Amino acid sequence: MTRRATGTFTTVFEPLPIDDDALSRMRVDKTIEGDLTGTGRAEMLSVGTPIDGSAGYVAIDRITGTLHGRTGSFVLQHYGLMDRGAGTLIVQVVPDSGTDDLTGLVGTFQIDHGSEEHRYVFDYDLKVH
């Protein structure tokens, strides 16, 4: 049975060293509130292009906290593209990355940047092994 968690999060970005002028590397720390409460720590690799509005990023993001009363951690994989302003963003739970009460977690994490605060909608399920 698929469940839905919603809420908000804040981010703090810290540039990390990289030896390629075309790429950017960042550490991203998150504080998450709502049906999922906790913290996230990601490492992100991104690139812009000479064309305004075209870019891409990938990130691996470990989330630690409580989801609807279940405590543990899991990893999200981010894949984002901007094609001359048209965006695609896919954020999914890495298979078998859930720990403790979140073992067997699968799902898709949607991020809404449309307002002043970052909002999320997390559709998930816990597979029984």
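Keep in mind that what you see is a predicted model, and the values were worked out from it rather than measured.

Caption draft 1: Structural view of the pairing of strand β4 (residues 55-67). In the sheet, strand β3 (residues 36-48) pairs with β4 via 13 bridges, with the strands oriented antiparallel. Counted as the bridge partner of S46 is Y57 from β4. Connecting β3 to the next strand, β4, in antiparallel fashion are six residues, including G53 with a positive phi near 90°. Pairing of β4 with strand β5 (residues 70-83), which is carried by 13 bridges, proceeds in the antiparallel orientation. Note that in β5 the partner of T64 across the bridge is S73. Taken together, β4 and the strand that follows it, β5, pair antiparallel across an intervening segment of two residues, in which H68 is found at a positive phi of about 45°.

Caption draft 2: Focus on unusual backbone geometry. Residue H68 is not a glycine yet carries a positive backbone phi of 45°. Mapped onto the fold, H68 is located in the loop between β4 and β5.

Caption draft 3: Quick peek at the side chain of D61. Secondary-structure assignment places D61 in strand β4. Residue classification places D61 among the buried positions, given a relative accessible area of 0%. For D61, the side chain forms a polar contact with the side chain of K30, separated by 2.4 Å. Among all residues touching D61, those that are not within four sequence positions of it are K30, G40, R41, A42, F74, V75, L76 and H78.

Caption draft 4: View of the environment of D29. Within the secondary structure, D29 is located in strand β2 (residues 23-34). For D29, a relative accessible area of 26% corresponds to the partly exposed category. Through-space distance from the C-alpha of D29 to that of E43 is 9.0 Å; in sequence the pair is 14 residues apart. Setting aside its immediate chain neighbours within four residues, D29 contacts T10, T11, V12, G40 and R41. Side-chain polar atoms of D29 contact the side chain of R41, separated by 2.7 Å.

Caption draft 5: The arrangement of the side chain of S54 in detail. By secondary structure assignment, the location of S54 is in the loop between β3 and β4. On the accessibility criterion, S54 (13% relative accessible area) is buried. Of the polar contacts made by the side chain of S54, one reaches the backbone nitrogen of R84; its length is 2.9 Å. Setting aside its immediate chain neighbours within four residues, S54 contacts G48, T49, M82, D83 and R84.

Parameters and conventions
Residues numbered from 1 in each chain as written. Predicted model: local features only at pLDDT ≥ 70, side-chain atom pairs only at ≥ 80, totals over all residues. Heavy atoms only, no water. Pairing = 2+ DSSP bridges. Helix = DSSP H or I, 4+ residues; strand = E, 2+ residues; numbered from the N terminus. Buried < 20%, exposed > 50% of the residue type's maximum accessible area, 1.4 Å probe, protein only. Polar contact = N/O pair within 3.5 Å; in protein donor to acceptor, adjacent residues only side chain to side chain. Contact = heavy atoms within 4.5 Å.

Keep in mind these numbers describe shape, not what the thing actually does.
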